[in-house]
Amino acid sequence: MKLDMFDFHLPEELIAQVPLEDREASRLMVLDKESGKIEHDVFSHITEYIKPGDCLVLNDTRVLPARLYGSKEETGAKVEVLLLKQEHDDVWETLVKPAKRIKEGSTIVFGDGKLSAVCTGVLEHGGRILEFQYEGIFYEILDKLGEMPLPPYIKEQLDDQDRYQTVYARERGSAAAPTAGLHFTEQLLEKLKAMGVHIAFITLHVGLGTFRPVSVDHIDSHEMHSEFYQMTEGTARLLNEVKGNGGRIITVGTTSTRTLETIASGNDGVFKEASGWTSIFIYPGYEFKGIDAMITNFHLPKSTLIMLISALAGREHVLHAYETAVEEKYRFFSFGDAMLIK
């Protein structure tokens, strides 16, 4: 399949720059994956589309305030560091700008010396291996000195960093938020539980590769980035019971979807306790083995995310829904509106 088959026109003014004051107030487009029928609603009414006995699967990853601003110890030159992946202990794979300033052996100082890092390895495309040095607890220092690594299409500063976290975020390790979950409040989740809807949690730490554009003309040549996931035995047991009782598995976001499909596709549709790294690439032609429905945001043209939802609802249905969203002035991307594919 050609990359251009997943393109659509998106006016720049529809890219949401800030979150709504009320998380539940986003608009909701409901897309029937079989017929292509579209309904327009608000997210607070999601309770009308989920039935008792269904299971909502949420990604409980927590975004690290992973962007740090420091200076090179030897010269005082300004340096920006983005934490990508913890290799072990205090050693991290990072992205450094401008990378040419930091060579092996260079030291970067942050926050008047509260934190420092020595470069122990040089990677491609600005990548650097840094070993951090500090007194105290690393994550507490990071909370004080770091900034949220907002996606490149968001130009506004975020006044409240918690608005780029889901209300149920708990497992530190993401470079980006699982943004479909940003619409939920604790009150809405409690309302769903009271209805008899099951709530399950998985973890997938979102990497910055999620924002990397597809650079090949034929999508089957694209190589997905790898991301760490985890499912507990309790979650696996609950999902199998829901399926066995005829309930639907409804994932919140592409990250939850990729995790469930990674596990189900390796176990003949059965969920099992599992953890590891997934680079699953889902695009039209893929046969879903784990999920029945999905809540997601509106994605970038020609992205792997729009390919994934096209696999679930059909490319023609999805592109028509996106054309409708543009006409109706829905808000797009991380802080934008939501879609339920059922």
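Analysis parameters
- Residues numbered from 1 in each chain as written.
- Predicted model: local features only at pLDDT ≥ 70, side-chain atom pairs only at ≥ 80, totals over all residues.
- Heavy atoms only, no water.
- Buried < 20%, exposed > 50% of the residue type's maximum accessible area, 1.4 Å probe, protein only.
- Helix = DSSP H or I, 4+ residues; strand = E, 2+ residues; numbered from the N terminus.
- Pairing = 2+ DSSP bridges.
- 1 Å grid on protein atoms, 1.4 Å probe; cavity = no way out; pocket = protein on both sides within 12 Å on 5 of 7 lines; lining within 4 Å.
- Points joined across faces, edges and corners; volume = space filled by probe spheres on them.
- Nonpolar A, V, L, I, M, F, W, Y, C, P; charged D, E, K, R; others polar.
- Phe/Tyr/Trp six-rings, centres within 6.5 Å; stacked < 30°, edge-to-face > 60°.
- Lys NZ or Arg CZ within 6 Å of the ring centre and 35° of its normal.
- Axes fitted to C-alpha atoms, helices over the stretch in contact; angles between N-to-C directions.
- Contact = heavy atoms within 4.5 Å.
- Domains from an automatic or database assignment.
- Buried area = accessible area lost by both parts, 1.4 Å probe.
- Salt bridge = Lys/Arg side-chain N within 4 Å of Asp/Glu carboxyl O.
- Parallel < 35°, antiparallel > 145°, perpendicular 65-115°, else oblique.

Student: Before we move on, can you summarise the pairing of strand β1 (residues 27–31) with the specific residues and values?
Tutor: Among the five residues of β1, four are classified as buried, and the element is accordingly described as predominantly covered. The loop that links β1 with its antiparallel partner strand β2 (residues 38–42) comprises six residues; one of these, Gly-36, has a positive phi angle of about 85°. Of the pairings in the sheet, the one linking β1 to strand β17 (residues 338–341) comprises four bridges and is parallel in character. Residue pairing across strands places Leu-28 opposite Ala-338, the latter belonging to β17.

Student: Can you break down the pairing of strand β9 (residues 115–122) residue by residue, with the values?
Tutor: The pairing of strand β8 (residues 107–110) with β9 spans four bridges and is classified as antiparallel. Residue Phe-110 lies in a different strand from β9, and its bridge partner there is Leu-115. Count of turn residues in the β8/β9 antiparallel hairpin: four residues, of which Gly-111 carries a positive phi of about 55°. Note: β9 against strand β10 (residues 127–134), seven bridges, orientation antiparallel. Paired with Ala-117 across the bridge in β10 is Phe-132. Turn length for the β9-β10 hairpin, with the two strands adjacent in sequence and antiparallel, is four residues, and the turn residue His-125 shows positive phi of about 55°.

Student: Which residues make up empty space enclosed by the protein, and what values do they have?
Tutor: Tallied over the full model, the rule gives three cavities of 30 Å³ or more. Its boundaries defined by the atoms lining it, the largest cavity holds a volume of some 90 Å³. What lines the largest cavity is a set of 14 residues, and nearest its centre among them are Ser-26, Arg-163, Leu-182, His-183 and Phe-335. Its residues assigned to classes, the lining of the largest cavity comprises four nonpolar, six polar and four charged.

Student: An account of the packing of aromatic side chains is needed here, citing residue identities and associated values.
Tutor: One pair of aromatic rings is described through two measures. These are the centre distance and the angle between the planes. Going through the model one piece at a time under the given rule, you end up with 19 aromatic pairs. Aromatic pair Tyr-164 and Phe-335: ring centres 6.0 Å apart, planes at 80°, arrangement edge-to-face. Highlighted residues: Tyr-164 in the loop between α1 (138–145) and β11 (171–174) and Phe-335 in the loop between α6 (315–327) and β17, separated in sequence by 171 residues. Neither Tyr-164 nor Phe-335 differs from the other in exposure class; each is buried. Ring geometry for Phe-281 against Tyr-283: centres 4.7 Å apart, planes inclined by 50°, an arrangement best described as tilted. Classification of Tyr-283 as partly exposed rests on a relative accessible area of 24%. Every member of this aromatic cluster is reached through a ring pair, and the members are Phe-8, Tyr-153, Phe-298, Tyr-322, Tyr-330, Phe-332 and Phe-333. A cation over a ring is seen here: Lys-85 above Trp-277, with NZ or CZ 5.0 Å from the ring centre.

Student: If you had to explain the sheet that holds β1 to someone new, which residues and values would you point to?
Tutor: Strands sit in the order β2-β1-β17-β16-β14-β3-β12-β13-β15 across an open sheet of nine strands; the sheet is mixed. Lying at the two open borders of the sheet, with one neighbouring strand each, are β2 and β15 (274–278). This sheet shows a mean twist of 25° between the axes of neighbouring strands, independent of strand direction. Examined bridge by bridge, strand β3 (residues 55–59) and strand β12 (residues 198–204) share five bridges and lie parallel to one another. Paired with Leu-58 across the bridge in β12 is Phe-201. The strands that helix α4 (residues 254–265) touches are β3, β12, β13 (227–231), β14 (249–252), β15 and β16 (293–297); relative to β12, the one it contacts most, it runs at about 85°.

Student: Describe the environment of Gly-253, and please don't skip the residues or the numbers.
Tutor: Here Gly-253 lies in the loop between β14 and α4. When its relative accessible area of 6% is taken as the criterion, Gly-253 is described as buried. Between the C-alpha atom of Gly-253 and that of Lys-114, which follows or precedes it by 139 residues, the distance is 37 Å.

Student: Break down the domain arrangement of the protein chain for me, with residues and values.
Tutor: Segmentation of the protein chain into domains returns domain 1 (3–63 + 160–341) and domain 2 (67–147). Each of domain 1 and domain 2 has a C-alpha centre, and these two points are 32 Å apart. Listed by partner, the interface residues are four residues for domain 1 and seven residues for domain 2. Of the roughly 460 Å² buried where domain 1 meets domain 2, counting both sides, 65% is carbon and sulfur surface. If you look at where domain 1 meets domain 2, you find zero salt bridges. Classifying every residue of the side of domain 1 that touches domain 2 gives two nonpolar, one polar and one charged.

Student: Describe the packing of helix α5 (residues 304–313) against α6, listing the residues and the values that go with them.
Tutor: Viewed as axis vectors pointing N to C, α5 and α6 meet at an angle of 120°, and their least axial separation amounts to 7 Å. As judged from the angle between their axes, α5 and α6 are oblique. Across the interface between the two elements, Ile-306, Ile-309, Ser-310 and Ala-313 from α5 touch Arg-315, His-317, Val-318, Leu-319 and Tyr-322 from α6.

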